[in-house]
Amino acid sequence: MRVGVLALQGDFREHTEILSGLGMEAVEVRTAKHLQGCDSLIIPGGESTTIAKLADAFELMGPLREFGDRHPIWGTCAGAILLSQGAQREQPLLGLMDITVQRNAFGRQVDSFETELQVSELEVPEKPFRAVFIRAPLISRVGENVEVICRLPTNRESTDDGIVAARQGKFLATCFHPELTEDPRFHQYFIQMAQE
Amino acid sequence: MEKQAGTLTVKKGLAQMLKGGVIMDVVTPEHAVIAEGAGAVAVMALERVPADIRKDGGVARMSDPALILEIMSAVTIPVMAKCRIGHFVEAQILESLGVDYIDESEVLSPADDAHHIDKHIFEVPFVCGCRDLGEALRRIGEGAAMIRTKGEAGTGDVIEAVRHARSVLGEIRRLREMPDEELMAYAKHLGAPVDLVRETKELGKLPVVNFAAGGLATPADAALMMQLGVDGVFVGSGIFKSGDPPLRGKAIVEAVTHYNDPEMLAEISKGLGDPMVGIGVSSIPEEERLAVRGW
């Protein structure tokens, strides 16, 4: 399977390295032409405002939406923001998933953190998944057709009750960065999802 | 499972999110908004851009916290701020403001002529400048989570940025070929911790993200640094000392994405107005150069 990784800005190489390790052909996507021949797409972490502006400037928003009509897309962090229908401020979005996100929901960089999540959809579900949250968003609203995959375990802080991973058909959004860890299970999950 | 903040993964992680992007120096909230609009991945909040620091002379210090806070509230992208080399109290103050990254920077007047800040004990991540691999690994050894080659700030002359990037990346290329028994002597030669020398050899690159800085003024300069092999660029005086900052800022952002596509770069470089005037580095006396600061 040929997996495109949107390479306008952000940590796209971390994604291509994991994909290559799983025996996938990973392709960096910078123009609409690069989407041809891809079976699925990952939108990486980065600055969502920068990625969206570049996609707009190089007329990629339309082709990305069309690609989403037929193919699976996974967004991590900034990528999840791009997939959403609303980010509570004016910025260009793909609007492919019926979700709303809250940007920088946990605060600034000093509030960034890592933690372990229990995700029943992954292989060896009893093994926790180490999740890295960098100035991360939360999914603040999900539509009827959206399946919540993971919430952050609640503790005393009020923002902790949020949705951090969700799936709607062939679209997947995660607020954290599986590409920053050595654990390939989320990438395996997406590949499996894309093959369904 | 508890949340763990301030881990090395979290500190290095933000720099990884900035890759393929442009970090712009700004001196007012209005500049910050222009930078964000141009597609900057982060801004560096300053009282004066390096070109003005160079012109004005005197002691250059951390910016007024009130200005930094104003800039933080003007934009949603990360905000960085500079402290003086070795001035750990300026760093404590910046951390308490909640800035997203601290640049322990040679552009400001050094506060310590022998020691840099112990950056491990902070939760906020640090970026530090370097001219060669030894300096980069010493800073990483002190806890820097991101490196930038220094170049010569405030000049608009890219020659030093090229020299420093070639130095770091060339030394890494040599290191990759080096037999393991030579690593200790090489670490001694570099003045760098041997564990980091070994890790760099194994990775074939620095263990943290590496940007270029100091003298970049055009989209072609930015693409040049990207083709040499850095992960992204800082542009200081080059944007807001030019004729049309929003247009030039946007063009440099686009050039960093399409750094390998000459036709696209030609299109991006058209009609940007005047670049910053600049000063040739060779005309600056050794004692006035900023890059030599750092130990």
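Data block above holds the structure.
Residues numbered from 1 in each chain as written. Chains lettered and ligands numbered in written order. Predicted model: local features only at pLDDT ≥ 70, side-chain atom pairs only at ≥ 80, totals over all residues. Heavy atoms only, no water.

A.B. asks: What exactly am I supposed to notice about the nonpolar core here?
C.D. replies: Across soluble globular proteins, nonpolar side chains have a tendency to be buried as a group. Counting residues in hydrophobic clusters, the biggest one holds 123 residues, and the most contacted among them are L117, F133, V164 and F176 of chain A together with L94, V99 and M225 of chain B. Sequence-distant contacts of M225 of chain B, that is, excluding residues within four places in its chain, are made with V158, A161, V162, A165, A212, L216, V230 and V233 of chain B. Counting 27 residues, the second largest nonpolar core, distinct from the first, contains A15, M17, V41 and A217 of chain B. (Core = buried A, V, L, I, M, F, W, Y, C linked by side-chain atoms within 4.5 Å. Buried < 20%, exposed > 50% of the residue type's maximum accessible area, 1.4 Å probe, protein only. Contact = heavy atoms within 4.5 Å.)

A.B. asks: Honestly, the environment of I73 of chain A in this entry has me stumped. Any pointers?
C.D. replies: Structurally, the position occupied by I73 of chain A is in strand β4 (residues 73–76). As for I73 of chain A and V5 of chain A, which are separated by 68 residues in sequence, their C-alpha atoms are 9.7 Å apart. (Helix = DSSP H or I, 4+ residues; strand = E, 2+ residues; numbered from the N terminus.)

A.B. asks: It is not clear to me how the pattern of salt bridges should be interpreted in this structure. Could you clarify?
C.D. replies: When the charged atoms of two side chains lie near each other, side chains of opposite charge can form a pair. Going through the model one piece at a time under the given rule, you end up with 32 salt bridges over all chains. As a salt-bridge pair, R141 of chain A and D98 of chain A come within 3.0 Å of each other at their nearest N and O atoms. Of this pair, R141 of chain A sits in strand β8 (residues 138–142) while D98 of chain A sits in the loop between α5 (78–83) and β5 (99–102); the two residues are 43 residues apart in sequence, bridging distant segments of the chain. On the accessibility criterion, D98 of chain A (25% relative accessible area) is partly exposed. One salt bridge connects R185 of chain A with D183 of chain A, and the closest N-O pair in it is separated by 2.9 Å. Just as R185 of chain A is buried, D183 of chain A falls in that class too. Within this structure, K82, D103, E106 and R148 of chain B form a network of salt bridges that share partners. (Salt bridge = Lys/Arg side-chain N within 4 Å of Asp/Glu carboxyl O.)

A.B. asks: Before we go on, may I ask you to explain the pairing of strand β2 (residues 22–26) of chain B in this structure?
C.D. replies: When a strand is regular, its side chains alternate between the sheet's two faces. All names here are of chain B. Here β2 lies mainly inside the structure; five of its five residues are buried. Taking every second residue as pointing to the same face, both faces of β2 are buried, with V22, M24 and V26 on one and I23 and D25 on the other. The pairing of β2 with strand β9 (residues 233–235) spans three bridges and is parallel. Of the residues in β9, the one forming a bridge with V22 is V233. (Pairing = 2+ DSSP bridges.)

A.B. asks: What is the right way to read the packing of helix α6 (residues 133–141) of chain B against helix α9 (residues 194–203) of chain B from this model?
C.D. replies: Helix-helix packing is described using two parameters, namely the angle between the two axes and the distance between the axes. All names here are of chain B. Between α6 and α9, the shortest axis-to-axis distance is 10 Å and the interhelical angle comes to 115°. On the basis of the axis angle, α6 is roughly perpendicular to α9. In this structure, the crossing between α6 and α9 has a hand that is right-handed. Contact residues: L137, I140 and G141 in α6; L196, V197 and T200 in α9. (Axes fitted to C-alpha atoms, helices over the stretch in contact; angles between N-to-C directions. Parallel < 35°, antiparallel > 145°, perpendicular 65-115°, else oblique. Left-handed = near helix turned anticlockwise from the far one by under 90°.)

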